[in-house]
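# Inside the fold
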Amino acid sequence: MRVLGIESSCDETAVAIYDSTQGLMAHALHSQIELHAEYGGVVPELASRDHIRKIVPLLTACFADAGCSREHIDGIAYTAGPGLMGSLLVGASMGQTLAYAWDIPSIAVHHMEGHLLAPLLEDQQPDFPFVALLVSGGHTLLVNVNAIGDYELLGESLDDAVGEAFDKTAKLLGLPYPGGPELAALATQGDPERFTFPRPMTTQPGYDFSFSGLKTFVVNTARKLDVVDQQTKADIARAFEDAVVDTLAIKCKRALKALNINQLVVAGGVGANKQLRARLQTLCESLGGQAFYPRPEFCTDNGAMIAYAGSRRLQHNTPKSTTIECHARWPLSDLEPIK
Ligand code: KG4
Ligand code: ZN
């Protein structure tokens, strides 16, 4: 089965063609980083307008790259949420319109299920069950994954998502948007011994997270100093990244041990963070298992993960609904297992 995937939930317009026999055939992406950079964050109205401008050229490029045409497409998968409503509507209406015009089934894909399944696009794949740590700009979820669609939410962030905490802390340090990768790069120059930040909610039981207090810690640390020079910023970035990585690792270890599982999937934009990847790999190896990641470009938003998630679902169910489905909020646990 060959599926066209469309992603437009936030600030990336992305499309891909995935074939269940041949694998990923092509993918194309346009990032809106430059468009939003001067505002220091995503401006929803600008985002949706830009999706409209970019989606058709991206589809054309993707088909050309895959060397196939619409007659070869068996289904369409589009991100239906969670995300920015105006942005979601662009990809969802395009997906549903093409499916109607080409008389093929379409499927509404949960953006976080896309992230969760992205490691299955790689050669090295986990077996079910596994634990998934989903760390993006909007979500921090720890999930027990029994099968595709069979998700038990173990814990989540009670306030800022990890990516959001990276972005806000980076902004406080004067780094450009989106701050996560910039902060991580700066942290490599930092002295790990100079500051120690708290590991929030690690001394209490459970799997929930809270990252908003770390921002306050950054502000208070900087306020107590006479001079915040470039080296100090790097030292703060390092202390912040160490605290986040440590906190995530503590909760992952707790979940893996409690469930007696030694396979961990890490996905979502923050999954591209090198320190986090190395730390969680070491953790899983110490438990006799392995950590699984998508390649870094598929950690952040992309069309391949949506085409893949859609193809897995369309192989079991080929709905012919013409409703354009969009949900700004959509709990992952609302999804149905594939039968
Ligand atoms: O998954 P994603 O592309 O979009 C959402 O679904 O939200 O994640 C974007 C987030 C941003 O907050 C970005 O700063 C963060 O992922 N991010 C990183 C790194 N690369 C992206 N955070 C830390 N280290 C990185 N290397
Ligand atoms: Zn995402």
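As the structure is a computational prediction, the values presented were derived from the model and not from experiment.

Parameters and conventions
For every chain, the first residue of the written sequence is number 1, and numbering continues from 1 along that sequence. Chain A is the first chain written and ligand 1 is the first ligand written, with later ones labelled in order. Where local features are concerned, this predicted model is filtered to residues with pLDDT of at least 70; where side-chain atom pairs are given and counted, the filter is 80 or more; whole-chain, interface and lining totals use all residues. Note that water and hydrogens are dropped before the side-chain values are worked out from all heavy atoms of the structure. Distances define the donors: N, O and S atoms within 2.8 Å of the metal qualify, as do those within 3.2 Å of Na, K or Ca. Water is excluded, so some sites may look unfinished. Numbering of helices and strands runs from the N terminus; a helix is a DSSP stretch of H or I covering at least four residues, while a strand is a stretch of E covering at least two. For the exposure calls, accessible area comes from a 1.4 Å probe over protein chains only, and a residue counts as buried if that area is under 20% of its type's maximum, exposed if over 50%, partly exposed in between. We call a residue near a given molecule or strand whenever any one of its heavy atoms falls within 4 Å of it. Here a polar contact is taken to be a pair of N or O atoms separated by no more than 3.5 Å, where protein atoms must pair a possible hydrogen donor with a possible acceptor and residues adjacent in sequence count only if both atoms sit in side chains. Per-residue accessibility takes into account occlusion by the displayed protein chains alone, with areas from the Shrake-Rupley method and a 1.4 Å probe. Classification used: nonpolar for Ala, Val, Leu, Ile, Met, Phe, Trp, Tyr, Cys and Pro, charged for Asp, Glu, Lys and Arg, polar for all others including Gly. Two strands pair if DSSP finds at least two bridges between them. Within this analysis, patches are made of residues with over 30% relative accessible area and no salt bridge. Like charges are joined at 9 Å or less; nonpolar side chains (Val, Leu, Ile, Met, Phe, Trp, Tyr) at 5 Å or less. We count a salt bridge whenever a side-chain nitrogen from Lys or Arg sits within 4 Å of a carboxyl oxygen from Asp or Glu. It only takes one pair of heavy atoms within 4.5 Å for two residues to be counted as in contact.

## A short note on the coordination of the zinc ion (ligand 2)
The coordination sphere of the zinc ion (ligand 2) contains the protein donors His-111 (NE2), His-115 (NE2) and Asp-301 (OD), at a distance range of 2.0 to 2.1 Å. Taken in chain order, the donor set of the zinc ion (ligand 2) reads H-x3-H-x185-D. Separated by 190 residues along the polypeptide, His-111 in helix 4 (residues 111-117) and Asp-301 in the loop between strand 10 (290-292) and helix 10 (304-314) bring together distant segments of the chain. Here the two residues His-111 and Asp-301 agree in accessibility, since each one is buried.

## Digging into the site of ligand 1
Taken together, 19 residues form the shell around ligand 1, and within it Gly-137, Asp-167, Gly-269, Asn-273 and Asp-301 come nearest. Here His-111 contributes a side-chain N or O atom positioned 3.1 Å from an oxygen atom of ligand 1. Here Asn-273 contributes a side-chain N or O atom positioned 3.1 Å from a nitrogen atom of ligand 1. The fraction of the free accessible surface of ligand 1 (550 Å²) that becomes covered by protein chains is 87%. Only helix 4, helix 5 (162-172) and helix 6 (179-187) provide two or more residues apiece to the shell around ligand 1. Here the residues of the shell around ligand 1 are counted per class, giving 6 nonpolar, 11 polar and 2 charged.

## Concerning the pairing of strand 7 (residues 140-147)
Burial within strand 7 is extensive, with 6 of its 8 residues counted as buried. Where strand 6 (residues 130-135) and strand 7 come together, 6 bridges link them in antiparallel fashion. In the strand pairing of strand 7, Val-135 is matched with Thr-140. The antiparallel pairing of strand 6 with strand 7 creates a hairpin that spans 4 residues between the two strands. Connecting strand 7 to the antiparallel partner strand 8 (residues 150-156) that follows it, the hairpin turn spans 2 residues, and Gly-149 within it adopts a positive phi of roughly 90°.

## Observations regarding a nonpolar patch on the surface
Taken together, the side chains of Met-85, Leu-89 and Ile-324 define a hydrophobic patch exposed on the protein surface, amounting to about 240 Å² of accessible area. Its location among the elements puts Leu-89 in helix 3 (residues 85-102). What makes Leu-89 partly exposed here is its relative accessible area of 40%.

## Some details on the side chain of Asp-242
Locating Asp-242 in the fold gives a position in helix 8 (residues 230-259). The contact partners of Asp-242, leaving out residues within four places of it in the chain, are Pro-192, Arg-199 and Gln-275.

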